[in-house]
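The lines below spell out each chain.
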Amino acid sequence: MAILSQEEAKKIIDKVLSYAKADETEVSIGGGRTGNIRYARNTVNTSGESNSITVAVTSVYGKKSGVATGNELDDAALKRIVEKAEEIAKLAPENPEYMPMLGPQDYPSTKNFSQNTADINPEYRAKAAMDSIEVSNTGNLTAAGYMEDFAGFTAVGNSRGRFGYNKNSSVDFSITVRTADGTGSGYAVRDFNDVNLLNAKNVTEIAAQKAQASGNAQAIEPGKYTVILEPTAANDLLRLLAFNMDARSADEGRSFLSKKGGGTRLGEKLFDERVNVYSDPMHPDLPGRPWNNEGLPSEKITWVENGAVKNMFYSRYWADKQGVDPVGRPTGIIFEGGNQSLADMIRNTQRGVLVTRFWYIRAVDPQTLLYTGLTRDGTFYIEDGQIKFPVKNFRFNESPVIMLNNIEAMGKPQRAGGNLIPPMKIRDFTFTSLSDAV
Amino acid sequence: MKRRDFIHLSGLGMGALMTPGFLLTGNPVSADQLLNPGLENAEKKALADIALNTAKSNGATYTDVRIGRYLNQFLFTREKNVQNIANTESFGVGIRVIAEGTWGFSATNDVSPDGIKKCAETAVAIAKANSIMQKEPVILAPVQGAGEVSWETPISKNPFDIPVADKIDLLLSVNAAALDNGATFVNSNLFMVNEQKYFASSDGSYIDQNIHRIWPTFNVTAVNQSEGKFRSRQALSAPMGMGYEYLDGLASEKIEGPAGLISYRNSYDMVEDAVAAAKHAKEKLTAKSVTPGKYDLVLDPDHLGLTIHESVGHPLELDRVLGYEANYAGTSFATLDKWRAGDFKYGSDLVNIVADKTQPNSLGLTAYDDEGVKCKEWELIKDGVLVNYQAIRDQASIIDESESHGCCYADSWDSVQFQRMPNVSLRPGKDKLSVNEMIKGVDKGIYIVGRGSYSIDQQRYNFQFGGQLFYEIKDGEIVGMLEDVAYQSNTQEFWNSCAQICDKDDYKLFGTFFDGKGQPSQVSAVSHGSSTTRFNGVNVINTGRQI
């Protein structure tokens, strides 16, 4: 299925709405092409590509809603979806938290689509995999990697006049390279909207270098260390902080942002004053979607300013109840950094640990946002400004809230896991035990 | 491979916060549609034969066909409100072939003779295209064709026969019970799954299976606003390979444990557990913070199941051992050389761990796996020694097995089947021993109940587990509740510290409903049976922090 144009999508939505009998009806159409290739042990395991389109209709009677979906666009099929959604809605229980559908919205035109990504074909994926495997074949290494790409569109419209259209694309590539004897392992990961920014061979070379440099790691005592977190590692923890900034759970007293005695910690300075976090759908390196999860126009929002909590997520229901404006969740966050390069940070470190990534991160205590997890695929000891030797992996128990009060330095933000995150140097990071895992 | 039609279950705002963060596949349907019987077996056989014949005439040397209808009903409530009711159906066919010694897979939701013919042709074309990159041809362990057979989960109450209103009434009464007993918030959910799978292969199998699973669960939270503190207690239910009869709450299936705790074997009283949970959540607000150090741990089956899952189940998956999961889930410390040595001491002499897909009421229970292999039980660890892995047809020869273990699974018709964890269970102790008798012998210990925070490294050496409830044991007695407890250990060290296992009267199943593996990720459901077990001298840390 080709990507529908705005005009084509609008025509279908209007047609579906003309069939509707419910109090309120919303239609969303999404579709596109996705492809992937997976390899391990230096050979391709699976690869595939598919095209799909889905029409979803939400029908509402009073506060009762129902959803139905379908994959065909002819008139009879569209009518069936509407009838099914209306039938399901009539049988549904009332949702006391239901909010009426939004009327016309003024959505920004975001640039989250790349024709280059839409042009990916099976040959491109096979070449990316072979380029990546080639790096390993020539270095007595073993590669396991995965690439997934998507190019498609979303259109939404409702009986109150809301309409939006967006084309989007994404590519995710990750690679683990291990030494043949299993004593070293390296990892690298990239995500972009435009595949032309991805060079699978170069990314694999980074993983391969880490694999070779991490062989025969030495054990050092767990404890509190100054750590230098590469953007992927920093993102592993900071995305968890961003995910937990929900106002309702804070108001209900069950969040790290709940205030003793009631209310939230909105406005309180919780972090180092160098911490500034925002989202911006128009940022060229992290283009967002035109509307957020609440259906409202995406806009630039400051979440943390000079270490103080500036905004939290308010659903339309909770905002209405609290008498404030709703604030939707962003596509990704931008964490302002500093000017130091990773090399500068290492040079300026007397004793510390360089971390490539974290793994198997799980919440330990939601009260303090304490998480546990392990370092993986490239952990190195730094002394007197130089990487001295690879070290065995550590388990950590740490809260991103505590971590953001222990900032030593930050570098230039880079795209990591759908966010823009700087490399960070953090003091007193808590490693609680050693792992033999490679 | 097809992109799925994902439906976000968190559509009603708050849902995602207290319910598992995941996505559900399939098209929304009305509850009535879940009782529609679907295609007759004769129709499925005719369609499957089109795939088998097409693939063969296009050059396939092996073909299997899975015509799958996957039905889900998931209900979500919080306090007095219904948050979401999701009824979904997903129907289609997946065709897997070997051509030129290489796997090829294709799937379609066009389950017509034409659609299936095209899909089979695509599968063969993909296999041939991939054969250029193939280093070694696929070797399949032999399977005797099963002929035409049918099997279904032995349930007495089909969950889809129970009106939705009755299920909602149950969940809202659970919530009311929790709130009446001091809970500040409560979320309760009911997950019901029915897989209607028709498998046919060029080995001469036509296997029709109708599989049911159910999981009632809740999360109760108590908030002390003036102190700015909150604590939660989750349900002590287990997801089961059962029908709605699991919710009968039969007294005969209750196990009365220490500290007034009730656990549930094959029948669950959800309201009773919610009352206990509310009291526990409140008690946790004032529980004593643990002093870190070495403790003897007494681990309840509702807790130990996850430790078994992470530290035995996953490391003994042969695809992990071989490196196929290196870029995602990881590899394994339990390498082939350790197994070949024949004396790798995984645990103490007491430790006997078996794999199966045959235990009654378990999540793994099925007659045949997703490549038509009859399911069975086999030993993984015998008297503490590593003796086997989990292997499917194209892996059996690697570990000198003449047949597959029968643990191949795909989570949908459009997912390619691969090696998934069967039930992995610790055999009960041979000598008569109750939990109370076990606790009497512990001088300094902690009794841990329920599934909590869990994390383990990518080769399954180092782990850290929390729980739902922690009780301090001093000089053979439980003296009170503890908080901020997590234990850290190394898999081999931990299982070698296994000192006592309660007898079969204490044996019960723990389960996990959404175990993830593979890229693109697939889920599967798996049970782990055990009796309460004692581990000596395990390192316990304090997880309390100030922010």
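Residues numbered from 1 in each chain as written. Chains lettered and ligands numbered in written order. Predicted model: local features only at pLDDT ≥ 70, side-chain atom pairs only at ≥ 80, totals over all residues.

The name given to chain B in an unreviewed UniProt entry is TldD family protein, with the source organism recorded as Indibacter alkaliphilus.

Within an unreviewed UniProt entry, the label attached to chain A reads TldE/PmbA family protein, and the organism entered is Indibacter alkaliphilus.

## As for the domain arrangement of chain B
Frequently, the measure chosen for interface size is the accessible area that the parts lose on association. Residue and element names in this part refer to chain B. When the domains of chain B are assigned, the result is domain 1 (6-247 + 263-284) and domain 2 (288-542). Here the C-alpha centre of domain 2 lies 23 Å away from the C-alpha centre of domain 1. The partner domain 2 presents 39 residues to the 47 residues of domain 1 that form the contact. Where the side of domain 1 that touches domain 2 is concerned, the elements lending two or more residues are strand 4 (62-78), strand 5 (81-99), strand 6 (102-108), strand 8 (185-201), strand 9 (205-224), strand 10 (229-234) and helix 5 (270-284). Ranked by residue count, the leading element in the side of domain 1 that touches domain 2 is strand 9, at six residues. Residue composition of the side of domain 1 that touches domain 2, grouped by class: 24 nonpolar, 14 polar and nine charged. (Domains from an automatic or database assignment. Contact = placed C-beta atoms within 7 Å. Helix = DSSP H or I, 4+ residues; strand = E, 2+ residues; numbered from the N terminus. Nonpolar A, V, L, I, M, F, W, Y, C, P; charged D, E, K, R; others polar.)

## A closer look at the environment of Glu377 of chain B
Residues and elements named next belong to chain B. Residue placement: Glu377 occurs in strand 16 (residues 377-382). Residue Glu377 is classed as partly exposed on the basis of its 15 C-beta neighbours within 10 Å. Residue contacts for Glu377: discarding those within four places in its chain leaves Val354, Asp356 and Thr358. (Buried ≥ 20, exposed ≤ 12 C-beta atoms within 10 Å, placed from the backbone.)

## A few points about the domain arrangement of chain A
Residue and element names in this part refer to chain A. For chain A, the assigned domains are domain 1 (6-212) and domain 2 (217-238 + 337-434). A straight line from the C-alpha centre of domain 1 to that of domain 2 covers 31 Å. Taken together, the contact pairs eight residues of domain 1 with nine residues of domain 2. Here the side of domain 1 that touches domain 2 gets six residues from one element, more than from any other, and that element is strand 6 (residues 185-192). When grouped by side-chain class, the residues that make up the side of domain 1 that touches domain 2 number three nonpolar, three polar and two charged.

## Considering helix 5 (residues 200-213) of chain A
Residues and elements named next belong to chain A. For helix 5, which comprises 14 residues, the first-to-last C-alpha distance of 20 Å matches the rise-based estimate of 20 Å (1.5 Å per residue) to within 8%. Looking only at helix 5, the buried set comprises Ala200, Val203, Thr204, Ala207, Ala208, Lys210 and Ala211. Taken down its axis, helix 5 places every buried residue within 160° of arc, on the same side. Buried residues along helix 5 sit in contact with helix 4 (122-137), strand 4 (141-158), strand 5 (163-179), strand 6, strand 12 (351-365) and strand 13 (370-383). (Expected span 1.5 Å × (residues − 1). Arc of directions from axis to C-beta.)

## Thoughts on the UniProt feature "domain: Metalloprotease TldD/E central" (unreviewed entry) in chain A
Under the present numbering, the feature "domain: Metalloprotease TldD/E central" (unreviewed entry) in UniProt falls on residues 148-213 of chain A. Annotated as 21% helix and 55% strand, the span residues 148-213 of chain A places its first and last C-alpha atoms 28 Å apart. (UniProt positions renumbered as here; feature names shortened; annotations may be inferred.)

## Brief notes about the pairing of strand 4 of chain A
All names here are of chain A. The element strand 4 is extensively covered by neighbouring structure, given that 15 of its 18 residues are classed as buried. Of the pairings in the sheet, the one linking strand 4 to strand 5 comprises 17 bridges and is antiparallel in character. Within strand 5, the residue paired with Ala143 across the bridge is Val177. Between the antiparallel neighbours strand 4 and strand 5 lie four residues, among them Gly161 with a positive phi of about 100°. (Pairing = 2+ DSSP bridges.)

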